[in-house]
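Spelled out from the first residue to the last, the chains are:
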Amino acid sequence: MSHLKILYKFFKIFTELFYNKKNRNIVFTKILCYNTMRCTVAKVNIFKIDNAKKEDFINSLGERIVQKQVEIDNQTFSVVFMQNSNLGDSSISWNWLLKEYGLSNIMIQKQPKAILYVEVNNNIYAATFGSAYNQAEQKCDRNFAFNLARKFKYKKIKSTAQANPNSNKNKVITSYLDNEYFEYESGAAFLKIKSKLDIDEDFVLFGENIEIGTSIKLEVCNPSLYKFVQIIKYIDTKLLEDDVTPIPVFQLITNKEEIAKLDIKLKEKVEQNEFNVTFADFDIIGTTEMFYSQNAKYKICYDGKHKKVDTLDNDTLIQFCNEKGLVFSDVFLDLKVRTMDEENQGVWFSIKELIDCSIDDSRATLINGRWYKYNDDYIVNLTKSLLDLPCEHNHQFDFRDNLYQTYIDKQVECFKNDTKYSEMTISEIKNIVSRKYYNEKVYNILMQEYYNFVNGDRLLYRIDAQHKIELDDFYRENEIYAVKFGNSSNKLCYVVDQMTIAMNCIKRGIVEFPYNVKNVIIVLVIDKKEDYPVGDVPFDINKLNFLPLKNALNNWQKEARLLSFNPKVIVGYME
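Residues numbered from 1 in each chain as written. Predicted model: local features only at pLDDT ≥ 70, side-chain atom pairs only at ≥ 80, totals over all residues. Heavy atoms only, no water.

1. Details of the overall build of the chain
Then step 1. Looking only at helices and strands, the chain features 17 helices and 32 strands.
Then step 2. The burial tally for the chain puts 47% of its 575 residues in the buried class.
Then step 3. When contacts within the chain are restricted to residue pairs at least 6 apart in sequence, long-range pairs at least 24 apart make up 66% of them.
Then step 4. Looking at the chain as shown, the accessible area adds up to about 30,600 Å², and 48% of this sits on carbon and sulfur atoms. (Helix = DSSP H or I, 4+ residues; strand = E, 2+ residues; numbered from the N terminus. Buried < 20%, exposed > 50% of the residue type's maximum accessible area, 1.4 Å probe, protein only. Contact = heavy atoms within 4.5 Å. Areas by Shrake-Rupley, 256 points an atom, 1.4 Å probe, with all protein chains shown as cover.)

Okay, structure coming up:
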């Protein structure tokens, strides 16, 4: 910084000091920061404590606290400090190796931690040091950091961590974008952001570098308790301002009644096996990235019963319950899983923390055992992207129950004449026929009969010596179609995965598909709603109240175009 520029800054500060009598505390802070070219910079990690958990948070600190009073603008603030006292030493996990060679054990000091907190306008803000972020994160307002982030403008985005639900890439780190704007895939929500704020050069409470997760991490020049309270007062006021930057995120649901209703719906989906058990690549705790081992084994536990397994999925959990005489849908929320790495170290999880599930009509998704809603920025972003996906209602693709019943009746007549079924009643024969000719199978047959499609249902293509795959439900004129009946995302998302696999197998030459394919079409057969269009007209896919399905379709259309296919959705009605 040139001497002329420094003199100019001093001139501005002293002018402000002369005219700005109200905020002289801020002006004096500026003088302290510019009185030397060198300053001590500290990173301060700040949480906002959930108002419903303030008492629990304070009680969790125990009696190891000291207080100091800080006066700002004739207001006195009590700033509380807690440091853990049980530091001591602990041994490392590989001391056994040193013992083999007759060497002394290595002892390391346990990581110190401390928490500093202050109450402003009935809100508690806590700064954490060392590993204390785990303690604060359990009681924090998880929406705070991104609520604050939307109040700022940015001049550089360094890196981001994003979640993309209903995609094979569930959590992705995008590093060093160096953009002045947020770059993100539609359908993705932010978990963490490292960026530079676009703030006035005379702003001195904290620097332009910021990290945003469930907490915010700031760079503070010449930190002090006085400055800490100033920062908290500034943040508390900033939260009341209007948003200036849209950021799509998941907002934590805190209403206990709403959570209880979602838990009931979760149990219903578990009973119907409409859920997935998945491990995230990493979690964001505060602004700290916690990566999990990809080579872990697992230990399932319930009420003294346990089992070690190599993989963890729906079938493994259900098998554990069957072996132990348990009803999975009754006990799943009480199941615990421990990950174990090569050193037999691990982390405990409840099953609810590992379940991937979304509730369409509530716009809610389960992440790490907590229910979240997609915020408006997320919905707006996804809605715009889906406008690029061609979608229409076509009456040819409707499923008419009278045609289905006519087909079933014809098959019953054929079965009746077979001596194999001669001793059965008509009702018994009809039950057998209905199981064999389920609605989607009949639908594909009728599409072949009425509209000259090539029926690909149950036609398997070999992908290697042991595995075969079904690529399409039917084909016509350079187009492959995949069909699914249903009225929920959990049922309809399957067809998106099916078509995604088919596209990749065809494009990469994994299978010998006999036709040239240009267009890939997903057919969704759903119940007719009053506000849905009639006739062969465009269909607004955003009218469907299936948020996970729309996420999946959005990801699919992008992958289809990357593979040089033309994606399209056709909606048919069940009539």
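Back to the write-up after that little detour.
2. Looking at the pattern of salt bridges
Then step 1. One pass over the structure, following the stated rule, counts 13 salt bridges.
Then step 2. A salt bridge links Glu440 to Lys484, with the shortest nitrogen-to-oxygen separation between them at 3.7 Å. Linking Glu440 in helix 15 (residues 439–451) with Lys484 in strand 29 (residues 479–485), this pair joins segments that are 44 residues apart in sequence. Here Glu440 and Lys484 have matching classes, each one buried.
Then step 3. Each of Arg150, Lys151 and Asp243 takes part in a single network of salt bridges with overlapping partners. (Salt bridge = Lys/Arg side-chain N within 4 Å of Asp/Glu carboxyl O.)

3. Some points on a nonpolar patch on the surface
Then step 1. Together, Trp94, Trp96, Leu97, Tyr101, Leu103, Ile106 and Ile108 make up an exposed nonpolar region whose accessible area comes to about 760 Å².
Then step 2. Looking at where Leu103 falls in the secondary structure, it is placed in the loop between helix 4 (95–100) and strand 5 (107–109). (Patch = residues over 30% accessible without salt bridge, like charges linked within 9 Å, V, L, I, M, F, W, Y side chains within 5 Å.)

4. Brief notes about the sheet that holds strand 24 (residues 391–393)
Two pairing modes exist for strands in a sheet, parallel and antiparallel, and in both the strands are linked by backbone hydrogen bonds.
Then step 1. The sheet built from 7 strands is open, its strands ordered 25-28-29-30-32-24-31 with mixed pairing. The strands lining the two open edges of the sheet, one partner per strand, are strand 25 (454–455) and strand 31 (537–538).
Then step 2. Contacts from helix 15 reach strand 25, strand 28 (474–476), strand 29 and strand 30 (519–527), with the element oriented near 145° to strand 29.
Then step 3. Where helix 17 (residues 547–562) meets the sheet, it contacts strand 30 and strand 32 (566–574), and its direction lies at approximately 145° from that of strand 32. (Pairing = 2+ DSSP bridges. Axes fitted to C-alpha atoms, helices over the stretch in contact; angles between N-to-C directions.)

5. Some words on the environment of Val571
Then step 1. Topologically, Val571 is positioned in strand 32.
Then step 2. Along the primary structure Val571 and Ile541 are separated by 30 residues, whereas in three dimensions their C-alpha atoms are 8.9 Å apart.
Then step 3. The residues touching Val571, leaving out its near neighbours within four places in the chain, are Cys391, Glu392, His393, Asn394, Leu524, Ile526 and Phe539.

6. Side note on unusual backbone geometry
Then step 1. One non-glycine residue, Asn222, lies in the positive phi region at around 50°.
Then step 2. Position of Asn222 among the secondary structure elements: in the loop between strand 12 (216–221) and helix 7 (225–238).
Then step 3. For Asn452, which is not glycine, the phi dihedral falls at a positive 60°.
Then step 4. If you trace the backbone, Asn452 turns up in the loop between helix 15 and strand 25.

7. Structural notes on the packing of helix 13 (residues 401–416) against helix 14 (residues 426–436)
Then step 1. In the contact formed by helix 13 and helix 14, the axes pass within 9 Å of each other and the chain directions differ by 120°. In terms of orientation, helix 13 lies oblique with respect to helix 14. Handedness of the crossing formed by helix 13 with helix 14: right-handed. Facing Tyr404, Gln405, Ile408, Asp409, Gln411, Val412, Phe415 and Lys416 of helix 13, the residues of helix 14 in contact are Ile426, Ile429, Lys430, Ile432, Val433, Ser434 and Lys436.
Then step 2. Among the residues making up the contact of helix 13 with helix 14, the classes are represented as 8 nonpolar, 3 polar and 4 charged. (Parallel < 35°, antiparallel > 145°, perpendicular 65-115°, else oblique. Left-handed = near helix turned anticlockwise from the far one by under 90°. Nonpolar A, V, L, I, M, F, W, Y, C, P; charged D, E, K, R; others polar.)

8. Quick look at the environment of Asn478
Then step 1. As for its placement among the helices and strands, Asn478 is situated in the loop between strand 28 and strand 29.
Then step 2. Separated by 42 residues in the primary sequence, Asn478 and Val520 have C-alpha atoms spaced 8.8 Å apart.
Then step 3. With sequence-adjacent residues up to four places away left out, Asn478 is seen in contact with Asn516, Val517, Lys518 and Asn519.

9. What to know about the nonpolar core
Then step 1. Within the largest apolar cluster, 49 residues are counted, with the highest numbers of intra-cluster contacts made by Leu524, Leu553 and Trp556.
Then step 2. Of all elements in the fold, only strand 13 (250–252), strand 23 (370–374), helix 12 (376–386), strand 29, helix 16 (489–507), strand 30, helix 17 and strand 32 reach the threshold of two or more residues within this core.
Then step 3. Not counting residues up to four positions away in its chain, the partners in contact with Trp556 are Leu389, Val496, Met499, Thr500, Met503, Val520, Ile522, Pro567, Lys568 and Val569. (Core = buried A, V, L, I, M, F, W, Y, C linked by side-chain atoms within 4.5 Å.)

10. Description of helix 17
Residues spaced three or four apart along an α-helix face the same direction, because each turn holds 3.6 residues.
Then step 1. Here helix 17 contains 16 residues, and its C-alpha end-to-end distance of 23 Å stays within 8% of the 22 Å for a straight helix at 1.5 Å per residue.
Then step 2. With 12 of its 16 residues buried, helix 17 lies for the most part within the structure.
Then step 3. Looking at helix 17, one finds that the buried residues are Leu547, Pro548, Leu549, Lys550, Asn551, Ala552, Leu553, Asn554, Asn555, Trp556, Gln557 and Ala560.
Then step 4. Looking at the buried positions of helix 17, the neighbouring elements they touch are strand 21 (355–359), strand 23, helix 12, helix 16, strand 30 and strand 32.
Then step 5. Of the residues trailing helix 17, Ser564 is marked for its positive phi of about 70°. (Expected span 1.5 Å × (residues − 1).)

11. As for the environment of Phe152
Then step 1. Here Phe152 lies in the loop between helix 6 (144–149) and strand 8 (154–163).
Then step 2. By relative accessible area, which is 4% here, Phe152 ends up buried.
Then step 3. Along the chain, Phe152 and Pro246 lie 94 residues apart, while their C-alpha atoms are 9.9 Å from each other.
Then step 4. Apart from the residues lying within four places of it in its own chain, the contact partners of Phe152 are Leu197, Phe206, Tyr234, Lys238, Val244 and Thr245.

12. Let's talk about the pairing of strand 2 (residues 65–72)
Then step 1. Two elements, strand 2 and strand 3 (residues 75–83), share 8 bridges in a ladder whose sense is antiparallel. Bridge pairing in strand 3 links Val70 to Phe77.
Then step 2. Counting the residues in the hairpin turn of strand 2 and strand 3 gives 2 residues, including Asp73, whose phi is positive at 50°.

13. Concerning the packing of helix 12 against helix 17
Then step 1. Here helix 12 crosses helix 17 at 50°, and the two axes come no closer than 10 Å. Considering their axes alone, helix 12 and helix 17 lie oblique with respect to each other. Every pair of crossing elements has a handedness; the one defined by helix 12 and helix 17 is left-handed. Facing helix 12, whose interface residues are Tyr378, Ile379, Leu382, Ser385 and Leu386, helix 17 presents Leu547, Lys550, Asn551, Asn554, Gln557 and Lys558.
Then step 2. Among the residues making up the contact of helix 12 with helix 17, the classes are represented as 5 nonpolar, 4 polar and 2 charged.

14. Side note on the packing of aromatic side chains
Then step 1. Applying the stated criterion across every chain, the model contains 20 aromatic pairs.
Then step 2. An angle of 75° between the planes, with centres 5.5 Å apart, marks the rings of Phe513 and Tyr515 as edge-to-face.
Then step 3. Residue Phe513 is classed as buried on the basis of its relative accessible area of 12%.
Then step 4. A network of ring pairs unites the aromatic residues Phe397, Phe453, Phe474 and Tyr481 as a single cluster.
Then step 5. If you follow Lys441 out to its NZ or CZ, it ends over the ring of Tyr437, 5.1 Å from the centre. (Phe/Tyr/Trp six-rings, centres within 6.5 Å; stacked < 30°, edge-to-face > 60°. Lys NZ or Arg CZ within 6 Å of the ring centre and 35° of its normal.)

Function-wise, these values are silent; they only describe arrangement.
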